[in-house]
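Coordinate inspection notes
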Amino acid sequence: MKFHGQVTRKTRKRKMKRKLFPLLIPVLLISIGLFLYAVNAGLAPIYIQYAEVQTEKIAAHVINKALTSENFKMPSTEQIFQTIPNDPNGAITINGEATSRVLADVHRLVTTYLEEAESGNMDVLPLLDDFQYNQEAMEKQGGVVFYVPVGQAANIPLLGNLGPKIPIRLHVIGAVHADIETTNSESGINNGILEVNVVIKVNVQIIVPLATQKSVVEQRILVGKLYIPGKVPPVYSSGGGNSPSVEIPFPIELPADGQ
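Before going into details, it helps to say that this report is about the structure given with it.

Conventions we followed
- Per chain, the residues get numbers from 1 upward, laid out in the order the sequence is written.
- Residues qualify for local features only when their pLDDT is at least 70, as the model is predicted, and side-chain atom pairs are given and counted only at 80 or more; totals for whole chains, interfaces and linings, by contrast, use all residues.
- Computation of side-chain values covers all heavy atoms of the structure but excludes hydrogens and water.
- Only DSSP runs of H or I covering at least 4 residues are called helices, and only runs of E covering at least 2 are called strands; the numbering of each starts at the N terminus.
- Exposure classes here rest on a 1.4 Å probe applied to the protein chains alone. A residue is buried below 20% of its type maximum, exposed above 50%, and partly exposed in between.
- We call two residues in contact whenever any of their non-hydrogen atoms come within 4.5 Å of each other.
- The Shrake-Rupley method, run with a 1.4 Å probe, gives the accessible areas here. Residue values count only the displayed protein chains as cover.
- Strands are labelled as partners when DSSP assigns at least two bridges between them.
- We call a set of buried Ala, Val, Leu, Ile, Met, Phe, Trp, Tyr and Cys residues a nonpolar core when their side-chain atoms join them within 4.5 Å.
- Any Lys or Arg side-chain nitrogen located within 4 Å of an Asp or Glu carboxyl oxygen qualifies as a salt bridge.

**Here's the deal with the overall build of the protein chain**
Across its full length, the protein chain carries 5 helices and 9 strands. Counting from the amino terminus, helix and strand elements in the protein chain follow one another as α-α-β-β-α-β-α-β-α-β-β-β-β-β. Here the protein chain holds 259 residues, and 29% of them are scored as buried. Considering only intrachain contacts with a sequence separation of at least 6, the fraction spanning at least 24 residues in the protein chain is 57%. Within the structure as shown, the protein chain displays about 17,500 Å² of accessible surface, and the carbon and sulfur contribution to it stands at 56%.

In structure tokens form, the structure reads like this:
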């Protein structure tokens, strides 16, 4: 027997489901959001590592583009290395005026080309198959912005170029640093090789979802290289403690005809 106004058990369950259903949707959305956040946080170091490799490629290409442009002229070996006047041994010195001029040109051009790259000038950026640039974002917000599929960045062969694309942004921080570096190395017996390089350092900030990191891109540009021959000594030893020394007589006197 059921009295008027009595609520059955099924009716109560149905009403309870109707009350809980609106709460399930936000709970489900929050759970999905937390799951995606945890996955992204776990993959962030992989994104950073991938972005560093791509940053090296982009910066190297932009620097090479600047130094192969018509606005840059590499000095000749004779302009970089000069013989000291009136020196009996013919000593070699590095022309400070020429190296300073090269340093200033390199700094100016590399800075200009990096600014062009951050403003979205596609002519100075490398065209790579691994990712796709976002030219509109670069023009509006600055910085080099490109998208990479999750499978490509995470190195998951099964996904390949599939899956959502993650945005990666890199900014140049501060001024470009350029310095002259000279090295002197031995070659053969009493010979030497003198090199002059321009060392370029660019500080960049890499931004990926849920992570950011600062990195330094360094590149060496050979400006001049000079081979300096030396005199062969009359006594030569390989340098070992028990190695014999070979004496070469100078001058060598040849016997007369028939003697």
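**Examining the pairing of strand E7 (residues 211–228)**
Across 17 bridges, strand E6 (residues 191–208) lies against E7 in antiparallel orientation. Looking at E7, one finds that Val-204 is bridged to Ser-215.

**Some details on the nonpolar core**
By size, the foremost hydrophobic cluster in this structure holds 49 residues, and its most contacted members are Ile-58, Val-110, Leu-125, Val-144, Phe-146 and Ile-200. For this core, the secondary-structure elements that each account for two or more residues are helix H1 (9–67), helix H3 (96–118), helix H4 (135–141), strand E4 (144–149), strand E5 (165–187), E6 and E7. The contact partners of Ile-58, leaving out residues within four places of it in the chain, are Leu-125, Pro-126, Phe-131, Tyr-133, Val-144, Phe-146 and Leu-170.

**Section: the pattern of salt bridges**
Per the stated rule, a full pass over the model turns up 5 salt bridges. Across the pair Lys-140 and Glu-136 runs a salt bridge whose closest N-O atoms are separated by 2.9 Å. Taken together, the residues span about one helical turn, with Lys-140 and Glu-136 both in helix H4 at a distance of 4 residues. Here Glu-218 and Arg-220 are joined by a salt bridge, their closest N and O atoms 2.7 Å apart. You can call Glu-218 partly exposed: its relative accessible area is 35%. Connected via shared salt-bridge partners are Glu-181, Glu-218 and Arg-220.

Everything listed here is a matter of coordinates, which is why it stays silent on function.
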